[in-house]
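Analysis of the macromolecular model
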Amino acid sequence: MNGYNEVDLTQAYKMLEGCQVILVCTKGEKDGQYNVTPYGWFTTYDYEPVTKVLFSSDPTHQACANIKRTKEFAICIPKDSSDPLIFKCGEVSSPDADKFAMFGIKGEKASTVDVKVLTENSKGIIECTLEKIIPEGSVELYLGKATAAFQKN
């Protein structure tokens, strides 16, 4: 990725320190359709041999349907947690929505998973494959294993 340095997968968790919100990027059902969803409840749960991340979500969100179908996602760490794009992306959840097109987001294909990531708005990116989903009350916990990580130069 242009303008980014690759991060060792055992050290990728450090990029989330002090982060208030993440943007989870997924692939929609239609060819060329991509999704971005903000999440405020997330943490790492392991870092050896690679970083593993979990986040909590309402299972009715489109991002969840996308992850269940594709078994992959990417986490973008915003440069600015007050970026209006975060709020815009959180207001829309539809199988037909392409938030990249709707909000004029310039994205770049991730290196190891089939999603677009927000390279202009992010200071870090962690690409993940789905390890498991744990239902807990009215939410689900999504556990992902890092396959690649990048930090802005």
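A short tour of the structure in this document, coming up. (Residues numbered from 1 in each chain as written. Predicted model: local features only at pLDDT ≥ 70, side-chain atom pairs only at ≥ 80, totals over all residues. Heavy atoms only, no water.)

Bringing the overall build of the protein chain into the picture now. A count of helical and extended segments in the protein chain gives three helices and ten strands. For the protein chain, the N- to C-terminal ordering of α and β elements is β-β-β-β-β-α-β-α-α-β-β-β-β. In summary, the protein chain has a C-alpha radius of gyration of 14 Å against a globular reference of 15 Å for 153 residues, a match within 12%. Taken over the C-alpha atoms alone, the protein chain extends approximately 35 × 35 × 30 Å along its principal axes. By the burial criterion, 50% of the 153 residues in the protein chain qualify as buried. Sequence-distant contacts in the protein chain: of pairs separated by 6 or more residues, those separated by 24 or more amount to 66%. Surface summary for the protein chain: the accessible area is close to 7300 Å², and the carbon and sulfur share equals 47%. One way to put it: in the protein chain the 17 positive side-chain charges average out to a point 2 Å from where the 21 negative ones average out. (Helix = DSSP H or I, 4+ residues; strand = E, 2+ residues; numbered from the N terminus. Rg over C-alpha atoms; globule rule 2.2 N^0.38 Å. Buried < 20%, exposed > 50% of the residue type's maximum accessible area, 1.4 Å probe, protein only. Contact = heavy atoms within 4.5 Å. Areas by Shrake-Rupley, 256 points an atom, 1.4 Å probe, with all protein chains shown as cover. Lys, Arg positive; Asp, Glu negative; His and termini not counted. Charge placed at Lys NZ, Arg CZ, Asp CG, Glu CD.)

This part covers the nonpolar core. One finds Leu16, Ile22, Val24, Phe55, Ile75 and Ile126 to be the most contacted residues of the largest nonpolar core, which totals 25 residues. Within the residue set of this core, elements represented by two or more residues are strand 2 (22-27), strand 5 (52-57), helix 1 (62-70), strand 6 (72-78), strand 9 (122-136) and strand 10 (139-152). In this view, Ile75 contacts Leu16, Ile22, Leu23, Val24, Val53, Gly124, Ile125, Ile126 and Cys128; residues no more than four positions away in its chain are not counted. By size, the runner-up hydrophobic cluster in this structure holds 21 residues, among which are Val21, Ile86, Val115 and Leu118. (Core = buried A, V, L, I, M, F, W, Y, C linked by side-chain atoms within 4.5 Å.)

This brings us to helix 1. Turning to helix 1, its buried residues number three or more, namely Gln62, Ala63, Cys64, Asn66 and Ile67. Lys71 lies just past helix 1 and shows a positive phi near 65°.

Our focus in this paragraph is the pairing of strand 5. Across the six residues of strand 5, six count as buried, placing the element largely inside the fold. Residues of strand 5 alternate between two faces, with Lys52, Leu54 and Ser56 on one and Val53, Phe55 and Ser57 on the opposite face, all of them buried. Alignment of strand 4 (residues 42-46) against strand 5, held across four bridges, turns out to be antiparallel. Bridging across to strand 5, Asp46 finds its partner in Lys52. From the end of strand 4 to the start of strand 5, which pair antiparallel, there are five residues. Where strand 5 lies against strand 10, six bridges are found, and the strand directions are antiparallel. (Pairing = 2+ DSSP bridges.)

Another aspect to go through is the pairing of strand 10. Successive residues of a regular strand alternate their side chains across the two faces of the sheet. As judged from the three bridges shared by strand 1 (residues 4-6) and strand 10, these two strands associate in the antiparallel manner. From the neighbouring strand, Asn5 faces strand 10, where its bridge partner is Gln151. Looking at chain direction, strand 9 and strand 10 are connected through twelve bridges and run antiparallel. Opposite Glu127, over in strand 10, you have Ala148 as the bridge partner. Between strand 9 and strand 10, which pair antiparallel and follow one another directly, the connecting turn spans two residues, one of which, Gly137, has a positive phi of 60°.

With that out of the way, let us pick up the side chain of Lys99. As for its position among the elements, Lys99 is in helix 3 (residues 99-102). For the buried Lys99, no salt bridge exists, and the shortest N-O distance to an oppositely charged side chain is 9.6 Å, to Asp98. A polar contact is formed between the side chain of Lys99 and the backbone oxygen of Val36, at a distance of 2.8 Å. (Salt bridge = Lys/Arg side-chain N within 4 Å of Asp/Glu carboxyl O. Polar contact = N/O pair within 3.5 Å; in protein donor to acceptor, adjacent residues only side chain to side chain.)

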